[in-house]
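Overview (structure and organization)
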Number of protein chains: 4
Amino acid sequence: MAGNSIGKEFVVTTFGESHGNVIGVVVDGCPAGLPLSENDFQEELDRRIPAEPKIVSARVEKDVAKILSGIFNGFTTGAPITLIVENKEMKSSDYEVVKDLPRPGQADYPARVRYGGFNDYRGGGRFSGRVTVALIMAGTIAKKLLSRYNVDVLAYTLAIGGIKSEKHFSSAEIRKNRNIAATRCPDLICAEKMEQAIVEAKKEGDSLGGIVECVAVNMPVGIGEPLFDALDADLAKALFAVPAVKGVEFGVGFAAARLRGSENNDAYVSNDGKVSTFTENAGGILGGLSSGMPILIRAAIKPTPSIAKEQNTVNMCTLENTTLSVKGRHDPCIVPKAVPAIEASVAITLADHMIRSGYIPRVLKEH
Amino acid sequence: MAGNSIGKEFVVTTFGESHGNVIGVVVDGCPAGLPLSENDFQEELDRRIPAEPKIVSARVEKDVAKILSGIFNGFTTGAPITLIVENKEMKSSDYEVVKDLPRPGQADYPARVRYGGFNDYRGGGRFSGRVTVALIMAGTIAKKLLSRYNVDVLAYTLAIGGIKSEKHFSSAEIRKNRNIAATRCPDLICAEKMEQAIVEAKKEGDSLGGIVECVAVNMPVGIGEPLFDALDADLAKALFAVPAVKGVEFGVGFAAARLRGSENNDAYVSNDGKVSTFTENAGGILGGLSSGMPILIRAAIKPTPSIAKEQNTVNMCTLENTTLSVKGRHDPCIVPKAVPAIEASVAITLADHMIRSGYIPRVLKEH
Amino acid sequence: MAGNSIGKEFVVTTFGESHGNVIGVVVDGCPAGLPLSENDFQEELDRRIPAEPKIVSARVEKDVAKILSGIFNGFTTGAPITLIVENKEMKSSDYEVVKDLPRPGQADYPARVRYGGFNDYRGGGRFSGRVTVALIMAGTIAKKLLSRYNVDVLAYTLAIGGIKSEKHFSSAEIRKNRNIAATRCPDLICAEKMEQAIVEAKKEGDSLGGIVECVAVNMPVGIGEPLFDALDADLAKALFAVPAVKGVEFGVGFAAARLRGSENNDAYVSNDGKVSTFTENAGGILGGLSSGMPILIRAAIKPTPSIAKEQNTVNMCTLENTTLSVKGRHDPCIVPKAVPAIEASVAITLADHMIRSGYIPRVLKEH
Amino acid sequence: MAGNSIGKEFVVTTFGESHGNVIGVVVDGCPAGLPLSENDFQEELDRRIPAEPKIVSARVEKDVAKILSGIFNGFTTGAPITLIVENKEMKSSDYEVVKDLPRPGQADYPARVRYGGFNDYRGGGRFSGRVTVALIMAGTIAKKLLSRYNVDVLAYTLAIGGIKSEKHFSSAEIRKNRNIAATRCPDLICAEKMEQAIVEAKKEGDSLGGIVECVAVNMPVGIGEPLFDALDADLAKALFAVPAVKGVEFGVGFAAARLRGSENNDAYVSNDGKVSTFTENAGGILGGLSSGMPILIRAAIKPTPSIAKEQNTVNMCTLENTTLSVKGRHDPCIVPKAVPAIEASVAITLADHMIRSGYIPRVLKEH
């Protein structure tokens, strides 16, 4: 059993359900001496909810992080840090009608079997995308920690509903534009089209998926463990923990399957004694270890399973075939909300490995 | 540090290097009462080396598994099972010349930094594809265990060098054809083309990548843990531990990013009280739990990094730019060798979760 | 780093500091279907504070458990259960004066070094005995779970300040008498003497230690794992996590060192087909596995380190020798408070192993 | 299941059975750059078998360590180190007669239940004291690693059969005398008496227990993790994994239960800016963290359960009462053999925590 923790030395344990009292997280293993306050979490939590009402669920909560433990005099102490966000905007009655009708594409059916029907089914309960609020809080700590070592993690929307940005943007541009675009795509022209596509799908009672890309720069060389705790293996595990992720790839990823070795290999070059590579096809990871080049990851996000369109399903009590139109308040596209969750998952994993490697010490010296 | 173990209750620890004495594995947590002998491993180990010399490395070893512990009177005892295969066909001298010249696309450079130059660089050492021999031995045990519960795991080549099979095959056909085709592709017409493409690339001192697909049928519903120990998260972690994997996807995978919810959702249907789905887009996993439908995974394998073609690199001692042509004996395409490794990784992860869930007990009753 | 979690399948993570906002716990891996409400914790939390003001600290808090997650419709859901108790009766000013003067016998000095001075030193912070409130909440769940399988865990005071009970009591007597005696010793005549000894020590600005005994009956045979995850190994680990424990022994324990094999061995006897032993010297564990006989553990509790008597110490800023008289509000004997903490630690460990073994399933059927 | 590994960053996995092919160990997480050869293990393995035939089992094996992986050019590489010792002097026929008659005090009975009768019962199989050979090999690596940081771990016999040494000896004396005395007691007068007592017990077909003490000096301050991964908690867990250990205590241990706080507390003193304590009652650990003072541990070892004297037992097939006289070749006192095993367990745990804390880096610089 268990399974709600990740990490070996920067250990993140999440708790809470969509319609329970709180969503929360315990971060155990954060080095002592990191300045941290409740305010640090607000920007990150706000970024989860796009400001454009046309493309988001009607359940809009102002999430406010509350620190329960681990901070003293404005610094981390080395003790476990606990954070909660209260749930407020619940409309649990929406779910009573579908209690016995598993929604296609959601965890309802296997969860019902797995937990013998005792699971909190309201809003998907523990399987709701809302649990990513916990990831985002832990990720905020991880990013603050990484930033002291100049490691910068940045996620953004690459594609939605088949509309894909092909342009390259600098970190600064990404950071700026993803706050402008409700879809979190730094290519503002694409972003506009994506938004229209989402509105269109919503009108038809349908939903869209997409691809989130995440880049991490300035990683030192040699972070990661061989084989099973490979950096890419642990990053992939963390990403698949984000609901709706159906694929993960590094660097050129699946396209590598069609390349030749001579095309795919990143040849080395030395500039003034600094080793780098001409190309960046590997996504910054070789043999499970960071190569010092930017880490590049893409995650495929499936379209929101909860849609107004009528779908076939089965009544779990009677085992009779029936149909279902999911009412509730759902995002017609969860890609924008997945962006900060994926950024958080990557940051959490990198922080864990930086600590494991001894690169980040257990007490941070004053910078 | 550490990182050479995977699993929580069926724990696989591998050891050994490409040019060391042995490749070995300890499997801790295998239930007592499973019949097991050294012969059980031979077919699996043999399957790693395609019989067609045109498409494989000149280093062809007859790998023979030796049991060091954990078996008594022909049955597993519940104690850790240790298996080794001796390394024989080493030509370590091949590697002296490239000791200070990291091969592009290999782990040489980050490993040198990570281990301060103490790592065994011969043949990639611990980062060699040869370590998958350990995976295959552990996977053999996992598959025997799963087969008692009717769970069948089957991997095969889907694509090589851009040649992709689009036909569907039954389990029986796959099992038969992948033994006929040196490329392990069940579509024998495609397999022929793949073989030619490999021979072509080899001639040019180059290499090819591809895609391996793996299917697991008859999984019970509800296996997996929520969130971080999600079944897909743990499968992905295990797959990225196989050298050369650059992407992993479930069901329709990255294609889901372009679908609408109404297209992507697998609607439920009840036939004589048995719940199943019309489509199988989710790859048999919802919310990190098995749905009872076939688990479908694809892994992208990059082209072999070691190629005869000249490549740019840097001398690590002098930090001067130079070039390198990898001599050694390398497979022009590692996809066929990746097939049993991926099958093993999937089987190991499923076995671990079946035990964690309590579905497989700690003592197997006589069937 | 990390270190605030215990267990493999029933995973307990604690958080909070003596003078922080809360003491809390996340229990991950509790099977679904266990009836649980906030009321269940009250009796256990109350039992931590003896009603006799003469022998306890002046800091008396009415601790009330609040459920944050994991319960739905009165039952556990299989999701992580989070519980908090708010801290109220803090007088943090007591600690400013001793901020730089480590109290002998407390964690102050190594914690200051370990956390670079960032640790919350108020009331010992994370190292306070108050963190056992989290253990007790988790232990309450573990005991409810175990009781469904008839496993009963019972701790009580065996000795305080050299006064030791030599009489044997039934479970029912222990349960009744330990509620009568503020010292939690079921031998009420001894209990009276212990109380007097504590009052005496308190008057002199001093403190007393003692021994807590814990018995667990009706454990099935064969629970535990070989070698490193031996049942006694994990029980000992859990017990040493209780502040002030300096020794742990099973069955006759250290006395076994003076016995002969023929005296120490518990010979087997069969009564109507039921195997048991004539004696119970092994404490119910052989080779790390439960033998089916009562598990018997004793833990040595050191005297409260915080005493009013003047002690030598060193000013950590100036490194000058000085003296210290600990003011604050301290228990002259922490043995009574250790009793429920030790009972909880034992129950948590047994529940974890019962789940690991598959004896307790992941969904509890209605009994 | 599982359970044959210990440690978080210096991970020791053991395998092998008393009458199997080998006893072996995988050490994962040893930093790269430690000089290591097969010779390093010989002295340690030899020390396990006292040279005095009067007090040891007739099964005397010259154990020779063979390195299977992890060493290259005479140094550790950072890859998992695997070591085996072949079993040779087996007389498995001794055990056929007692197959169904569980030996009192051994794991036979619970192991039979736990493993459904599939366990290798010959010589106790996985539960034999012979598995400590694996511990000793791993401990040899841990001690070499610790010695580079001046941490010295030293175990010796304190008491056997009620004969207890009360004298204090220097590390140098202990090291010298424990090699002279077959009982491993540095007090040579006591050692002589102990030897006679063992001979006496053996004559009567009986056995003796005792106490092993272990001291570790020069530990830095602040090593360990709070609460559950406390240094004492992890040391105790490791010690209880040594067969026959029934009690563990630190510093004054159980005697602390009878002391007052003013007697038990180790008051601080500063000498030329170096902080130490007047007394060493705490055994070098406070709040689960090392205090910089010598770590002092004692483990109670029960008398060898296998004795020639007739004992009551039950036939597991017929469930009839019967008697048993254990033939085989057994040590009349296992305390001398437990000495290096306990030293190894302590060293393994300290090395793991030194690495976890970041004090020992992942690549050792040339000293």
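Residues numbered from 1 in each chain as written. Chains lettered and ligands numbered in written order. Predicted model: local features only at pLDDT ≥ 70, side-chain atom pairs only at ≥ 80, totals over all residues. Heavy atoms only, no water.

1. Let's talk about the overall build of chain A
Here is the rule we go by: Under the scheme used here, helices are H or I runs from DSSP no shorter than 4 residues and strands are E runs no shorter than 2 residues, and both carry numbers assigned from the N terminus. Working definition: with a 1.4 Å probe on protein chains only, accessible area under 20% of the residue-type maximum means buried, over 50% means exposed, and in between means partly exposed. The criterion used for residue contact is that any of the two residues' heavy atoms lie within 4.5 Å. Surface exposure here means Shrake-Rupley accessible area, sampled with a 1.4 Å probe, where a residue is shielded only by the protein chains that are shown. In this tally, Lys and Arg are treated as positive and Asp and Glu as negative; His is ignored, and so are the chain termini. Think of each charge as sitting on NZ of Lys, CZ of Arg, CG of Asp or CD of Glu.
Scanning chain A from N- to C-terminus turns up 9 helices and 18 strands. Over its C-alpha atoms, taken along the principal directions, chain A stretches across nearly 70 × 50 × 40 Å. A buried classification covers 69% of the 367 residues belonging to chain A. Across chain A, contacts joining residues at least 24 apart in sequence account for 72% of those joining residues at least 6 apart. Roughly 11,500 Å² of accessible area belongs to chain A as shown, and the carbon and sulfur atoms make up 51% of that amount. Distance from the positive charge centre (42 side chains) to the negative charge centre (43 side chains) of chain A: 2 Å.

2. Notes on the packing of helix α3 (residues 132–147) of chain C against helix α8 (residues 335–356) of chain C
Helix packing for two helices is described by the angle between their axes and how far apart those axes are. Residue and element names in this part refer to chain C. The condition is simple: Note on geometry: axes are C-alpha line fits, over the in-contact stretch for helices, and angles between N-to-C directions span 0 to 180 degrees. Oblique is the label for every angle not falling under 35 degrees (roughly parallel), over 145 degrees (roughly antiparallel), or within 65 to 115 degrees (roughly perpendicular). Whether a crossing is left-handed or right-handed is set by the direction in which the near helix is turned from the far one by less than a right angle, anticlockwise for left-handed and clockwise for right-handed. Here the nonpolar group is Ala, Val, Leu, Ile, Met, Phe, Trp, Tyr, Cys and Pro; Asp, Glu, Lys and Arg are the charged ones; every other residue, Gly included, is treated as polar.
Where α3 contacts α8, the two axes come as close as 7 Å, and the packing angle between them is 50°. Judged by the angle between their axes, α3 and α8 are oblique. The two elements α3 and α8 meet at a crossing, and its hand is left-handed. Between α3, through T132, L135, I136, A138, G139, A142, K143, L145 and L146, and α8, the contact on the second element is made entirely by P340, A341, E343, A344, S345, A347, I348, L350, A351, M354 and I355. Grouping the constituent residues of the contact of α3 with α8 by class yields 15 nonpolar, 3 polar and 2 charged.

3. So, the confidence of the model for chain A
Worth spelling out the cut-off: Along the chain, pLDDT gives the predictor's confidence residue by residue, from 0 to 100.
In the predicted model, chain A carries a mean pLDDT of 94, and 98% of its residues have values of at least 70. Across the assembled chains, the prediction reports ipTM 0.97 with pTM 0.97.

4. What about the interface of chain B and chain A?
The test is simple: Throughout, buried area stands for the accessible area (probe radius 1.4 Å) lost by two parts on being put together, summed over both. Salt bridge criterion: a side-chain nitrogen from Lys or Arg within 4 Å of a carboxyl oxygen from Asp or Glu. Identification of polar contacts relies on pairs of N or O atoms within 3.5 Å, with a donor-acceptor requirement for protein atoms, meaning one able to donate a hydrogen and the other able to accept it, and with residues adjacent in sequence counted only if both atoms are side-chain atoms. Two strands qualify as a pair provided DSSP detects at least 2 bridges between them.
The partner chain A presents 99 residues to the 99 residues of chain B that form the contact. Of the roughly 8,000 Å² buried at the junction of chain B and chain A (both faces included), carbon and sulfur atoms supply 61%. On the surface where chain B and chain A come into contact, there are 8 salt bridges. Between R260 of chain B and E204 of chain A there is a salt bridge; the shortest N-O distance is 2.7 Å. In this assembly, chain B and chain A are joined by 39 residue pairs in polar contact (both at pLDDT 80 or more). Across the side of chain B that touches chain A, the residue classes break down as 51 nonpolar, 29 polar and 19 charged. Where strand β11 (residues 245–250) of chain A lies against strand β11 (residues 245–250) of chain B, 3 bridges are found, and the strand directions are antiparallel. The residue of β11 of chain B that forms the bridge with E249 of chain A is G247 of chain B.

5. A word on the interface of chain C and chain D
Taken together, the contact between chain C and chain D spans 99 residues of the former and 99 residues of the latter. Taken together, both faces of the contact between chain C and chain D bury some 8,000 Å²; the carbon and sulfur share is 61%. Counting the contacts that link chain C with chain D gives 8 salt bridges. The tally of links between chain C and chain D comes to 41 residue pairs in polar contact (both at pLDDT 80 or more). Residue composition of the side of chain C that touches chain D, grouped by class: 51 nonpolar, 29 polar and 19 charged.

6. Observations regarding unusual backbone geometry
Backbone geometry at N73 of chain B places phi at a positive 55°, although glycine is not the residue there. Relative to the elements of secondary structure, N73 of chain B occurs in the loop between β5 (71–72) and β6 (75–76).

7. Focus on the relation of the copies chain C and chain D
For clarity, the cut-off: Least squares is used to superpose the copies, and the fit set is the C-alpha atoms of residues whose pLDDT is at least 70 in both copies.
Its rotation angle being 180°, the transformation that places chain C on chain D also includes 0.0 Å of axial translation and leaves an RMSD of 0.0 Å. Each copy turns onto its partner about a two-fold axis. Most of the interface of chain C is mirrored in chain D, where 100% of its interface residues are also at the interface.

8. Focus on the sheet that holds strand β7 (residues 81–86) of chain D
Residues and elements named next belong to chain D. On the basis of which strands lie adjacent, the open sheet formed by 5 strands has the order β1-β2-β3-β7-β4 and antiparallel pairing. Strand pairing shows two members of the sheet lacking a second neighbour, β1 (5–6) and β4 (65–69), which therefore form its edges. Pairing analysis gives 2 bridges linking β1 to strand β2 (residues 11–16), with the strands arranged antiparallel. Across the sheet, residue I6 finds its bridge partner in β2, namely V12. Strands in contact with helix α3 (residues 132–147) are β2, β3 (22–28), β4 and β7; relative to β3, the strand with the most contacts, it is inclined by about 35°.

9. Let's talk about the relation of the copies chain B and chain A
With an axial shift of 0.0 Å and an RMSD of 0.0 Å, the rotation relating chain B to chain A amounts to 180°. Taken as a fraction of all interface residues of chain B, those also at the interface in chain A reach 100%, which identifies the copy contact as same-surface.

10. Some thoughts on the environment of T77 of chain D
Residues and elements named next belong to chain D. Summarising the element assignment, T77 is placed in the loop between β6 (75–76) and β7. Note on T77: relative accessible area 4%, which makes it buried. For T77, the side chain forms a polar contact with the main-chain nitrogen of A79, separated by 3.1 Å.

11. A word on the sheet that holds strand β3 (residues 22–28) of chain B
Residues and elements named next belong to chain B. Taken in spatial order, the 5 strands line up as β1-β2-β3-β7-β4 in an open sheet, and their pairing is antiparallel. The open sheet has two free edges, formed respectively by β1 (5–6) and β4 (65–69), since each of these has just one partner strand. Across 6 bridges, the pairing between β3 and strand β7 (residues 81–86) is antiparallel. Residue pairing for β7: V26 is matched across the bridge by T82.

12. A closer look at the side chain of S207 of chain B
With respect to the secondary-structure elements, S207 of chain B resides in the loop between α5 (188–203) and β10 (210–217). One polar contact links the side chain of S207 of chain B to the main-chain carbonyl oxygen of T304 of chain B, over a distance of 2.6 Å. If sequence neighbours within four positions are ignored, S207 of chain B has contacts with L259, R260 and G261 of chain A together with A201, P303, T304, I307 and P332 of chain B.

13. Comments concerning the packing of aromatic side chains
Quick reminder of the rule: A pair of aromatic rings is counted whenever rings of Phe, Tyr or Trp (Trp by its six-membered ring) have centres within 6.5 Å, and the orientation is called stacked for planes under 30 degrees apart, edge-to-face for over 60 and tilted otherwise.
Tallied over the full model, the rule gives 26 aromatic pairs over all chains. Ring geometry for F240 of chain A against F250 of chain B: centres 5.2 Å apart, planes inclined by 85°, an arrangement best described as edge-to-face. Taken as a pair, F240 of chain A in helix α7 (residues 231–240) and F250 of chain B in strand β11 lie in two separate chains rather than in one. Owing to a relative accessible area of 3%, F240 of chain A belongs among the buried residues under this scheme. Note on F118 of chain B and F75 of chain D: the rings are 5.2 Å apart at their centroids and 45° apart in plane angle, and the pair reads as tilted. Taken together, the residues span two chains, with F118 of chain B in the loop between α2 (108–114) and α3 (132–147) and F75 of chain D in strand β6.

14. Structural notes on the pairing of strand β3 (residues 22–28) of chain A
The side chains of a regular strand alternate, residue by residue, between the two faces of the sheet. Residues and elements named next belong to chain A. A large share of β3 lies buried, amounting to 7 of its 7 residues. By the alternation rule, side chains of β3 split into V22, G24, V26 and D28 and I23, V25 and V27, which are all buried. From the end of strand β2 (residues 11–16) to the start of β3, which pair antiparallel, there are 5 residues.

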